[in-house]
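Inside the fold
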Number of protein chains: 2
Amino acid sequence: MDSLSERATSRPDPATVSHIAAILKERFGERATTSDAVREQHANTLTWVENQPPDVVVFAETTEEVADTVKLCASHRVPVIPFGTGTSFEGHTNAPFGGVCVDLSRMNAILAVHPEDLDCVVQPGVTRKVLNEHLRDTGLFFPIDPGADASIGGMVGTRASGTNAVRYGTMKDNVLALTVVTPAGEVMRTSRRARKSSAGYDLTRLIIGSEGTLGVVTEVTLKLHGVPEAISGGVCPFPSIGAACEAVIATIQSGIPVARIELIDEVQVRAVNAYSKLSLREEPQLFLEFHGSEAGVTEQAARFGEIATEFGGGPFEWTTQAEERTRLWQARHDAYWAAMALKPGWKGFSTDVCVPISRLAECVEETKRDIAESGLIAPIVGHVGDGNFHVLPLVDPNDDGAFANAMAFVGRLVERALAMEGTCTGEHGVGQAKMKYLEAEHGAPALDAMRAIKRALDPLNIMNPGKIVDV
Amino acid sequence: MDSLSERATSRPDPATVSHIAAILKERFGERATTSDAVREQHANTLTWVENQPPDVVVFAETTEEVADTVKLCASHRVPVIPFGTGTSFEGHTNAPFGGVCVDLSRMNAILAVHPEDLDCVVQPGVTRKVLNEHLRDTGLFFPIDPGADASIGGMVGTRASGTNAVRYGTMKDNVLALTVVTPAGEVMRTSRRARKSSAGYDLTRLIIGSEGTLGVVTEVTLKLHGVPEAISGGVCPFPSIGAACEAVIATIQSGIPVARIELIDEVQVRAVNAYSKLSLREEPQLFLEFHGSEAGVTEQAARFGEIATEFGGGPFEWTTQAEERTRLWQARHDAYWAAMALKPGWKGFSTDVCVPISRLAECVEETKRDIAESGLIAPIVGHVGDGNFHVLPLVDPNDDGAFANAMAFVGRLVERALAMEGTCTGEHGVGQAKMKYLEAEHGAPALDAMRAIKRALDPLNIMNPGKIVDV
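Residues numbered from 1 in each chain as written. Chains lettered and ligands numbered in written order. Predicted model: local features only at pLDDT ≥ 70, side-chain atom pairs only at ≥ 80, totals over all residues.

1. With respect to the overall build of chain A
- Check the secondary structure of chain A and you find 17 helices and 20 strands.
- Scaling as 2.2 N^0.38, a compact globule of 471 residues should have a C-alpha radius of gyration of about 23 Å, and chain A matches this with 22 Å.
- Each principal axis of the C-alpha distribution contributes one length, and for chain A these read about 65 × 60 × 40 Å.
- The contacts of chain A with a sequence gap of at least 6 include a subset with a gap of at least 24, amounting to 72%. (Helix = DSSP H or I, 4+ residues; strand = E, 2+ residues; numbered from the N terminus. Rg over C-alpha atoms; globule rule 2.2 N^0.38 Å. Contact = placed C-beta atoms within 7 Å.)

2. Here we look at helix α11 (residues 294-310) of chain B
Residues and elements named next belong to chain B.
- Between its first and last C-alpha, α11 extends 25 Å over 17 residues, near the 24 Å set by a 1.5 Å rise per residue.
- Those residues of α11 not exposed but buried are Gly296, Val297, Gln300, Ala301, Phe304, Ile307 and Ala308. All buried residues of α11 lie within an arc of 125° about the axis, which places them on one face of the element. Opposite its buried face, α11 presents the exposed residues Glu294, Ala302 and Glu306, each directed more than 90 degrees away.
- On its buried face, α11 sits against β12 (230-237), α9 (241-253), β14 (285-292) and β15 (317-319).
- Note on α11: the residue one or two positions beyond its end, glycine 312, has a positive phi of about 80°. (Expected span 1.5 Å × (residues − 1). Buried ≥ 20, exposed ≤ 12 C-beta atoms within 10 Å, placed from the backbone. Arc of directions from axis to C-beta.)

3. Some words on the sheet that holds strand β13 (residues 258-264) of chain A
All names here are of chain A.
- Overall, antiparallel pairing links the 7 strands, which are arranged β15-β12-β14-β13-β18-β19-β17 in an open sheet. One side of each edge strand has no neighbouring strand; the edge strands of this open sheet are β15 (317-319) and β17 (351-354). On average, each strand axis in the sheet is inclined to that of its neighbour by 15°, with strand direction left out of account.
- As defined by bridge partners, β17 adjoins strand β19 (residues 388-391) across 4 bridges and the pair is classed as antiparallel. From the neighbouring strand, threonine 351 faces β19, where its bridge partner is valine 391.
- In the packing of helix α12 (residues 322-333) onto the sheet, contacts are made with β12 (230-237), β13, β14 (285-292) and β15, and the angle to β12 comes to roughly 55°. (Pairing = 2+ DSSP bridges. Axes fitted to C-alpha atoms, helices over the stretch in contact; angles between N-to-C directions.)

4. Quick word on the relation of the copies chain A and chain B
- Rotating chain A by 180° about the axis while translating it 0.0 Å along that axis superimposes it on chain B, leaving an RMSD of 0.0 Å. Read as a symmetry element, the transformation amounts to a two-fold axis.
- When you check the interface residues of chain A against chain B, 100% turn up at the interface there too, and the contact is symmetric in its surfaces. (Least-squares fit on C-alpha atoms with pLDDT ≥ 70 in both.)

What follows is the structure, given as structure tokens:
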């Protein structure tokens, strides 16, 4: 395999960088930059993962510009790193081998809305909030909600999900088709706009979750959903995290079509109370939301209330008033910043795992014990209807042992989830930080298949190299 | 690429066949056979596609037996063709380059049911009816219903869907994980049992719909759903096929969570009346089913009735009585055999396409005109809530021009669907017969990507060669 010897596995030499940068500046003017500040902003900034800036940042405005940039990079064996809003956690946007970051935030047009087909076509830089604002008068909405106001392209990359996934699925369930610039700089359509198809390999799902390692997404056809006639929601305290998890399991098993069911542990409740000016009881809390008809959402809320009581929880205080619900959910969405505010100046070690729901209570309780024994401050929040939860160990950057302590904790968390038939990440993705867990999760044959796919589609290894799998 | 010269692109020579057959008979006894009758039964039998039998048929009973058979075939560059129930339509089980058919029907164990996680683990030879029979006392069911009592493994292969897909999705939405024997004979797990994951490339979805060309599925973890508290269903005539389709579009757009919405045109109604002893009005009919609470299914049926009236249809006669619904749905499920009975001795040319639902009425009406102008007898049935419909041109085997006439009709049908942003197959798959349409549907870059994946995962081209893409 001669081409392997030409693959990008180290930073391009300074002469190549200068040459590429000059060509890009010639073509894109001020939309191509080598400024230190801009390069650093385009590498990992949100978590403990070391910032590894690209050599050049290009602000692309069309699929053709992306394709031309990729072709240029391919011809010089220079890496290409796609960038949306930079809100990922696992080092996805880092450039360990340098290269050109393609910032897609200016490709933010909503190209078409087809209310009659319940779909729309958007550029990758559109954020989920902008899309939903645009859809407001159509009676439709896009449900995937990972917390951050991420870009749709980035959400494709990490197979994002979030609070609504228990009812509406994840990105894999809500994308109909993609336009992708391939590692050779060709423009590929992965599918048609029909709701379903059996016409060949599922390239759409292969790109979703591939974190920019197989191409740059430049257009996304999304499924939309009707805004529910009525919404009810509320908050319910529980005497223990185990009781809260058991109530979640019973709710899912009873077939209540809950739209959101979120766990916030007592550490996170303290953080949220302080940050969002709430006065929730400092106990584990479940945040819930129900979508349906007026009668339906009332019935669902009442049924959940009964389940909560069975497990010693409650009172379940709920409302169909939009304003009160919005305030609660804002608090949930601010959870990350609220947690970070517990220890100003400390670093967050955001991580997530997902287990079959029957193991959820056990997994969360063991994790709480582990946190206590490790002396960590580590709030837990979770999309627990899917068996998915997040832990955010906070690390004092001036304490030498703290980083290793948190890292070891994450390793045990993953090990625990895998032992329960779970996954090392339910929605954050692999990036750089979780690569080391993939062999334990998938086994050698599956990992070999992933590597073979990466080599086949990106033989020069220029597409976001050093993420998901090493090849 | 030296290995390409060793790839399976012609039938193995007789000496190799004898050698392989002898080894397999030694290992499997009567479970390996070269009998003409058995070989022919394991190639395409249901449609016009020419029967191309394998050289040997092996009835495997364990993953290990499949793996050993694949390893043996790989070492002699002999094709492997997985076989479930043989109910596919596009020549999927044919052996154009000979080889060993691995019949998985004896791998029919239900390995685990996890009611608390709403999932189960089955071997590929379990059929959907057997699975639902097994689940009867759990309050759970597996919704995917392609008509035939297909095997779960085969349904994975073709990315099957059917009548319930409008509410419950297709196989791609209802499989959590697979065990796959790779083309090298290794045993690969594609995923864990967690409800969601962002841990690397989506191998599960890549295998679903790959029609046995990337490996042999030997274990499937399926999502299950709660049996609805109440079901209502019924039949509604319409004055024209256009009016029926418009009613479908309005129903989907209005957000009624219909579980099944099936179109049967007047030709098929005549066939069904004769075959299933019904007396439906010989007009286009919609068959519907609603799942939910007692109050919910009554409300949904009433709302649909109003929509039908708006489009000149009705009366919508519906019931919550199980017996009457079962009789109706049996008639729908017998549609294929009822159509074939219109012309005993003739061949069926079963085909399907799928378009965005806003184009459905137009596509079906143009197709009806085309059928009339072509002088074909070709009933239409469809899972129209997804924009998916089937046409079954019947061909007199003694009429030399009839075959070409039907073939040309299918070509125009696909062209029409593609022009409307649709797909050449919504659920039957590509097999041999639809390969020629893939370039027009996907374009060269996507087809190149599919070929690259096939070459990367099956470098010897032994897994069901001559299907989906030529490499």
